[in-house]
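Descriptive structure summary
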Amino acid sequence: MALLFENMKSNLADWMMVFISIISAIVAVIACVYSRKAHELSKKEAEEAKKEFEHTQKLSLMPYLLIENIPFTKKRNGFDYVILYENDPLYVEPLKLEICFRITNVGKNIAKNISYRWIHRNQINPQYISSLPVNGRRTICVHFEANPYGNNLDRPSIAVQYMDMEDRLYEQIIHFALDIRKESISFINISTEAPKEI
């Protein structure tokens, strides 16, 4: 009887050890999975923080062109003639409008190789500005012509492209809102989109 009791006690101890071993293995597997997920999450967070830091650095060093309408002036750095209609108006005197705008680099870096194209023409214009330092300004004037009897663009747009000192290329879109009627053409405002790296 004593031997049977000892044998049962021994089996119970063996079973307890097996049970404890299984629990320990499960806990180890869970800890391993959790550790791996925590490591992957930590790595992902580190990569996101790095991207955010690089993005913030780019923004802090990015040139940014501010465009504002100014009264017509003879002191200018460029002049452009822009036809707003699709076909030449035969024997019709076009409506004419001249406006000037000032470009100011309000960013934290020099803007260089500044070129632009009128989006409706899709034609690159001669480069007027080779570089624009921080707080540097240039004045550009535009002569618009519209057909009093045709389909005109009432919101012509310019795509301005420029580089920073690390040769990253940016594009900024400028929209001119115009009021074109049969008897007159007038300027409403200028709006500028934020620069995008391209």
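To be clear, the structure that these remarks concern was listed above.
This report concerns the structure included in the present document. (Residues numbered from 1 in each chain as written. Predicted model: local features only at pLDDT ≥ 70, side-chain atom pairs only at ≥ 80, totals over all residues. Heavy atoms only, no water.)

A closer look at the state of the cysteines
Throughout the structure, instances matching the rule amount to 1 disulfide. Between the sulfur of C100 and that of C141 lies a disulfide, 1.9 Å long from S to S. Disulfide C100-C141: torsion about the S-S bond near 95°, hence right-handed. Taken together, the positions of C100 in strand β3 (residues 95-105) and C141 in strand β7 (residues 137-146) put the pair 41 residues apart, joining distant regions of the chain. Of the two residues, C100 and C141, neither departs from the other in class, the shared state being buried. (Disulfide = S-S within 2.5 Å. Helix = DSSP H or I, 4+ residues; strand = E, 2+ residues; numbered from the N terminus. Buried < 20%, exposed > 50% of the residue type's maximum accessible area, 1.4 Å probe, protein only.)

A word on a nonpolar patch on the surface
Taken together, the side chains of L12, W15, M16, M17, V18, F19, I20, I22, I23, I26, V27 and I30 define a hydrophobic patch exposed on the protein surface, amounting to about 1200 Å² of accessible area. With respect to the helices and strands, the residue I26 is situated in helix α1 (residues 2-61). Overall, I26 belongs to the partly exposed group, its relative accessible area being 45%. (Patch = residues over 30% accessible without salt bridge, like charges linked within 9 Å, V, L, I, M, F, W, Y side chains within 5 Å. Areas by Shrake-Rupley, 256 points an atom, 1.4 Å probe, with all protein chains shown as cover. Salt bridge = Lys/Arg side-chain N within 4 Å of Asp/Glu carboxyl O.)

Describing the pairing of strand β9 (residues 169-180)
Burial of β9 is extensive: 9 of the 12 residues sit out of reach of the surface. Sheet topology note: the β9/strand β11 (residues 196-197) ladder contains 2 bridges and is antiparallel. Note that in β11 the partner of Y170 across the bridge is E197. Pairing between β9 and strand β10 (residues 185-192): 7 bridges, direction antiparallel. If you follow I174 over to β10, its bridge partner there is T192. Joining the antiparallel neighbours β9 and β10 is a turn of 4 residues. (Pairing = 2+ DSSP bridges.)

Quick word on the packing of aromatic side chains
A complete count under the given rule lists 5 aromatic pairs for this structure. Here F144 and F176 contribute two aromatic rings whose centre-to-centre distance is 5.7 Å and whose plane-to-plane angle is 65°, an arrangement assigned as edge-to-face. Remark: F176 occurs in strand β9 and F144 occurs in strand β7; sequence separation between them is 32 residues. As far as burial versus exposure is concerned, F144 and F176 are alike and both buried. A connected cluster of aromatic rings, assembled from ring pairs, spans F101, W118, F144 and F176. (Phe/Tyr/Trp six-rings, centres within 6.5 Å; stacked < 30°, edge-to-face > 60°.)

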